[in-house]
Amino acid sequence: MESGAAAAGGPAPGPGGGRFPFPYTPYLIQERFMAALYGALEAGRVGIFESPTGTGKSLSLICGALAWLRDFEEKQRQEEARLLALEEEEEEDGGEEGRKRLPAAGGAGSAGEPGWVAAFVRKKEERDAVARLKEEQIRRKKREDRLEKIRHNVQLKYAAKRKRSEEDETKHLLQLSKEVLSEGAGVDVLEQLDHNDEELILAEYESDEEKKVVSGPVDDDDDDLEEEHVTKIYYCSRTHSQLSQFVREVQKSPFGKDTRLVSLGSRQNLCVNEEVRRLGALQLINDRCMEMQKNKHEKKSDEEMEGKKRRVSRTVCPFYSYEQMQFLRDEVLVEVKDIEQLVALGKETKACPYYGSRYAIPAAQLVVLPYQMLLHEPTRSAAGIKLKDQVVIIDEAHNLIDTITCIHSAEVSGSQLCCAHSQLLQYMERYRKRLKAKNLMYIKQILYLLERFVAMLGGNVNQNPSCQAVSQTGTVLKSINDFLFQSQIDNINLFKVHRYCEKSLISRKLFGFVERYGGPAAAVKTNKENQKLAGLQNFLLTLQQGSDKEGPLQNPSVEAENDQLRSASPLMQIEGFLSALTNANQDGRVILNRQGTVSQSSLKFLLLNPAVHFAKVVEECRAVIIAGGTMQPVADFREQLLSCAGVDPARVVEFSCGHVIPPENILPIILCSGPSNQQLEFTYQTRDLPQMMDETGRILCNLCNVVPGGVVCFFPSYEYEKQVYAHWEKTGLLARLATKKKIFQEPKKANQVEQVLVEYAKCIKRCSQAGGPMTGALLLSVVGGKMSEGINFSDDLGRCVIMVGMPYPNIKSPELQEKMIWLDKTMPRAAGQAPSRVLIENLCMKAVNQSIGRAIRHQKDFASILLLDHRYARPAIFNKLPEWIRERTRVKPAFGSAFAELRKFHRGKSDAL
């Protein structure tokens, strides 16, 4: 369905005759996409935009959105000029003329006040608006001059860098002088050693109510970094590689030279301080960075306290310098840079790219950022992102609902809860005499929460969790309120506890404490009660050290980081769970997953209503565009996300375009039965039957005889793929397949995917060059696995994509069951179907559409698509296929005619090559 949004106004034709500046002549569907996008932005709509992969979606988004922004800015400038001209005219006319124009004193205003009062108020508002415009003009002029200077003055670029090097050299010399002077002054060294725990002790904590209304003087350095936010576009996608790809597209576009673009990322991606980067896990990096900033501000006040001895030298980050960050901010705005270029610039200028890029947000026209930063409100406000009257484009949004759910869900294991309790108890015992009352009060509250959480899992926090068997195993779901009451923590203000954890950096202090004293070599001097727990602490640490050893074998990047986090400070994970418990009762559930032991059991918060977290985005923004290559079925977005977030249906606009490939380059077939007339229906009851697995094998054998290059076959799960593979091995079918195609299996471990893909591609290339009986390769993949998203099987890598059965989710999953119950309670029935049934079908078809969309990647590509299950022909299912595939799909009741068409299609294409 195409939208009529374009009618809401469009840009004037560009110099090349086209309506939108574009690096080459755009396809017709790209022109339509850009026109519809422009119209949606102009009318302030919420748009669901679908443009299949290979149709140049990124460029259409860039050129359509930036053309609108350029026109919007021009209109703003014209309006400003008009208002300022009016002001000048009035000033020239003089006050007398102005008074003549006021209505007579007897006239009444709209609210019954005299007319001259209403006129006076209106005049004042106009004068205020003009004053604001003048200020904004001065600010803009200042910014433009500054950026222009940097653009054209190479000397200026290196002046700041040179100054920084000189400062470093001075600091180094001062340090050397101090060391020389302090030689022989052993007392100071002892003093330092006595206080080496200082940085581990929590600072005095003031809650919000106790803080003075009048805040302290603002740091002068900060003034120059504060700016008004101009109208901008926030573009977000799922991964940093997708964002980098988008930035490269902007660089190539006609807008690449004069767009102020800033790329945002996590500290893990942007930090240039090697000491902090070495911590590895994101949460540890975040906390260490925050602590160093705190130290920078405390250092100033410490230096002012004359007469008192400095107790400890607090580490501050050498890259957190306002002057350097100002320079980096301006460099970022002058030229479009991706994350890698930003990091390189940070290292070169010795300025923090993480904060430098944030300071560039107000003046930027295009902000490129990952999902998490935009969709998670605390992260958004911490980054200084203001959505009021701005435009948001969410790309690769096919799984937006799942993404919001995952961002706001949290899980903690029994061993993490026990470990955090043990660590925190030891910390409190060691520093009891040096902690202020407020800190002790909150620590005791956290200890009590941990104790009650473990009790809910059927365990005792003071005993080894791995040795405590759970009597009642199974999964129980509770509402948030029921969980709080039953765990007897409803009298604790979780908002305050969570705020305390954030502000006091307690998990960071605890991490430092465990780092220093957690190892077997460093024993903590504790009282008798704590010595009982020392055994547990050591046992937990050995357990975690063991898991660290295994981690890298599974997945070096993710697994090792998770193990490091778990062993480092489990309290960091628990903070996320505490935060989740502050959601409204009706919007989430707590899942108690009781396994064999307390250690293996877990508590999980499941968000049922993602719309509550998306509502703020659509309320504040001028326009929101949700875009993707495969957005069908869109009912989920309309009902679960937009309708629940309170979006007026009239504000929602849909746009879907076809593919750029000619119709004859794709052959989608729904196959209802196999070569031996066995009906194809892969339900949980029938798919394990030997005859179903044999029939699937026979279909593949026939196809591999006629399809050149690569064949990708998707199974509903890893387990089923393994089962079928083993069956074919036993019956000899696998050996028959292997005579035509070399067989590859999708690995379960993420770090092996790249290797398998490289081998698969090499094999296809080798076979096409050599000729002979082997015609390519067969890749057995899994829906929802590593290869069903984000990997392109273009050209010979995917000449045929096969979908075995329908990948319905596991409806026995407690999480899914709870979501289904919630939907049936809160959503209206659609076309006579229960919302829970619609959800199951939509989840299945979203997964199918993602997988089959892997094959066609550009205009000259061609492929056949085979859906093996007669249920695909049912209208409710069939209509959920992407339109460009649906309109070319043929339903084949018998295998014979389907095979004949496939052979003709591939022979014709091979002859044409």
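Keep in mind that this is a model prediction, so the values were computed, not measured.

## A look at helix α13 (residues 339-349)
Reasoning step 1: Three or more residues of α13 are buried, namely Ile-339, Leu-342, Val-343, Leu-345, Gly-346 and Thr-349. Buried residues along α13 cover an arc of 160 degrees about the axis, so they all sit on one side.
Reasoning step 2: For α13, the side-chain oxygen to backbone nitrogen distance between the N-cap and Glu-340 is 3.2 Å, and the N-cap itself is Asp-338.
Reasoning step 3: A positive phi of about 55 degrees marks Lys-350, the residue just after α13.

## Concerning the packing of helix α12 (residues 322-334) against α13
Reasoning step 1: Following both chains from N to C, one finds α12 and α13 inclined at 145 degrees, their axes separated by 11 Å at the closest point. Helix-helix and strand crossings are classified by hand; for α12 and α13 the assignment is right-handed. Only Leu-342, Leu-345, Gly-346 and Thr-349 of α13 make contact with α12, whose side of the interface consists of Gln-324, Phe-327, Leu-328, Glu-331 and Val-332.
Reasoning step 2: Of the residues assigned to the contact of α12 with α13, the class counts are 5 nonpolar, 3 polar and 1 charged.

## Overview of the sheet that holds strand β17 (residues 863-868)
Reasoning step 1: The strand order across the open sheet formed by 7 strands is β14-β15-β13-β16-β17-β12-β18, and the pairing between neighbours is parallel. Taken across any chain shown, the strands that pair with only one partner, and hence form the sheet edges, are β14 (741-745) and β18 (890-892). Adjacent strand axes in the sheet meet at a mean angle of 20 degrees, parallel and antiparallel pairs treated alike.
Reasoning step 2: For strand β13 (residues 709-715) and strand β15 (residues 776-782), the ladder comprises 7 bridges, and the chain directions are parallel. Within β15, the residue paired with Gly-710 across the bridge is Ala-777.
Reasoning step 3: Sheet strands touched by helix α33 (residues 835-852): β13, β16 (800-804) and β17. Its angle to β16, the strand with the most contacts, is close to 160 degrees.

## Details of the confidence of the model for the protein
Reasoning step 1: Across the protein, the average pLDDT comes to 78, with 77% of residues at 70 or higher.
Reasoning step 2: Looking across the protein, the model is least confident in helix α23 (residues 528-554), with a mean pLDDT of 40, and most confident in strand β5 (residues 391-394), with 94.
Reasoning step 3: Below pLDDT 50 for its whole length, residues 184-194 participates in 3 contacts with residues either more than four positions away or in separate chains.
Reasoning step 4: Counting contacts from residues 306-313, a segment whose pLDDT is below 50, to residues more than four positions away or on other chains yields 10 contacts.

## Remarks on empty space enclosed by the protein
Reasoning step 1: Tallied over the entire structure, the rule returns 3 cavities of 30 Å³ or more.
Reasoning step 2: Taken as a whole, the largest cavity holds about 140 Å³ of empty space.
Reasoning step 3: Along its surface, the largest cavity is lined by 14 residues, and Cys-271, Asn-273, Cys-289, Cys-317 and Cys-352 are the ones closest to its centre.
Reasoning step 4: Every element with two or more residues in the lining of the largest cavity is listed here: α11 (282-304) and α14 (353-359).
Reasoning step 5: The greatest single-element share of the lining of the largest cavity, amounting to 3 residues, is contributed by α11.
Reasoning step 6: Here the lining of the largest cavity is composed, by residue class, of 11 nonpolar, 2 polar and 1 charged.
Reasoning step 7: The space that makes up the second largest cavity amounts to roughly 100 Å³.
Reasoning step 8: Lining the second largest cavity, in full, are Ala-635, Asp-636, Glu-639, Gln-640, Leu-823, Met-827, Pro-828, Ala-830, Pro-835, Val-838, Leu-839 and Asn-842.
Reasoning step 9: Listed by contribution, the elements that provide at least two residues to the lining of the second largest cavity are α27 (635-643) and α33.
Reasoning step 10: For the lining of the second largest cavity, the class distribution of residues is 8 nonpolar, 2 polar and 2 charged.

## Focus: the packing of aromatic side chains
Reasoning step 1: Following the criterion strictly, the structure yields 22 aromatic pairs and no others.
Reasoning step 2: Ring centres of Tyr-442 and Tyr-500 lie 4.4 Å apart, and the angle between their planes is 10 degrees; on these two criteria the pair is classed as stacked. Taken together, the positions of Tyr-442 in helix α19 (residues 437-456) and Tyr-500 in helix α21 (residues 494-504) put the pair 58 residues apart, joining distant regions of the chain.
Reasoning step 3: Using a relative accessible area of 3% as the deciding quantity, one classes Tyr-442 as buried.
Reasoning step 4: By relative accessible area, Tyr-500 is classed as buried at 0%.
Reasoning step 5: Every member of this aromatic cluster is reached through a ring pair, and the members are Tyr-320, Tyr-322, Tyr-354 and Tyr-355.

## A look at the pattern of salt bridges
Reasoning step 1: On inspection of all chains with the given rule, the structure shows 21 salt bridges.
Reasoning step 2: Residues Arg-288 and Glu-275 are paired through a salt bridge, measuring 3.4 Å at the closest nitrogen-oxygen approach. Placement of the pair is Arg-288 in helix α11 and Glu-275 in helix α10 (residues 274-277), with a sequence separation of 13 residues.
Reasoning step 3: Glu-275 sits in the partly exposed class, given a relative accessible area of 36%.
Reasoning step 4: A salt bridge links Glu-841 to Lys-880; the nearest nitrogen and oxygen atoms lie 3.2 Å apart. Of this pair, Glu-841 sits in helix α33 while Lys-880 sits in the loop between α34 (875-878) and α35 (883-886), and the two are 39 residues apart along the sequence. Residues Glu-841 and Lys-880 agree in their burial class; the two are buried.
Reasoning step 5: One salt-bridge network, held together by shared partners, links Lys-57, Asp-395 and Glu-396.

Here is what the cut-offs are and how they apply
Residues numbered from 1 in each chain as written. Predicted model: local features only at pLDDT ≥ 70, side-chain atom pairs only at ≥ 80, totals over all residues. Heavy atoms only, no water. Buried < 20%, exposed > 50% of the residue type's maximum accessible area, 1.4 Å probe, protein only. Helix = DSSP H or I, 4+ residues; strand = E, 2+ residues; numbered from the N terminus. Arc of directions from axis to C-beta. Polar contact = N/O pair within 3.5 Å; in protein donor to acceptor, adjacent residues only side chain to side chain. Axes fitted to C-alpha atoms, helices over the stretch in contact; angles between N-to-C directions. Left-handed = near helix turned anticlockwise from the far one by under 90°. Contact = heavy atoms within 4.5 Å. Nonpolar A, V, L, I, M, F, W, Y, C, P; charged D, E, K, R; others polar. Pairing = 2+ DSSP bridges. pLDDT = per-residue confidence, 0-100. 1 Å grid on protein atoms, 1.4 Å probe; cavity = no way out; pocket = protein on both sides within 12 Å on 5 of 7 lines; lining within 4 Å. Points joined across faces, edges and corners; volume = space filled by probe spheres on them. Phe/Tyr/Trp six-rings, centres within 6.5 Å; stacked < 30°, edge-to-face > 60°. Salt bridge = Lys/Arg side-chain N within 4 Å of Asp/Glu carboxyl O.

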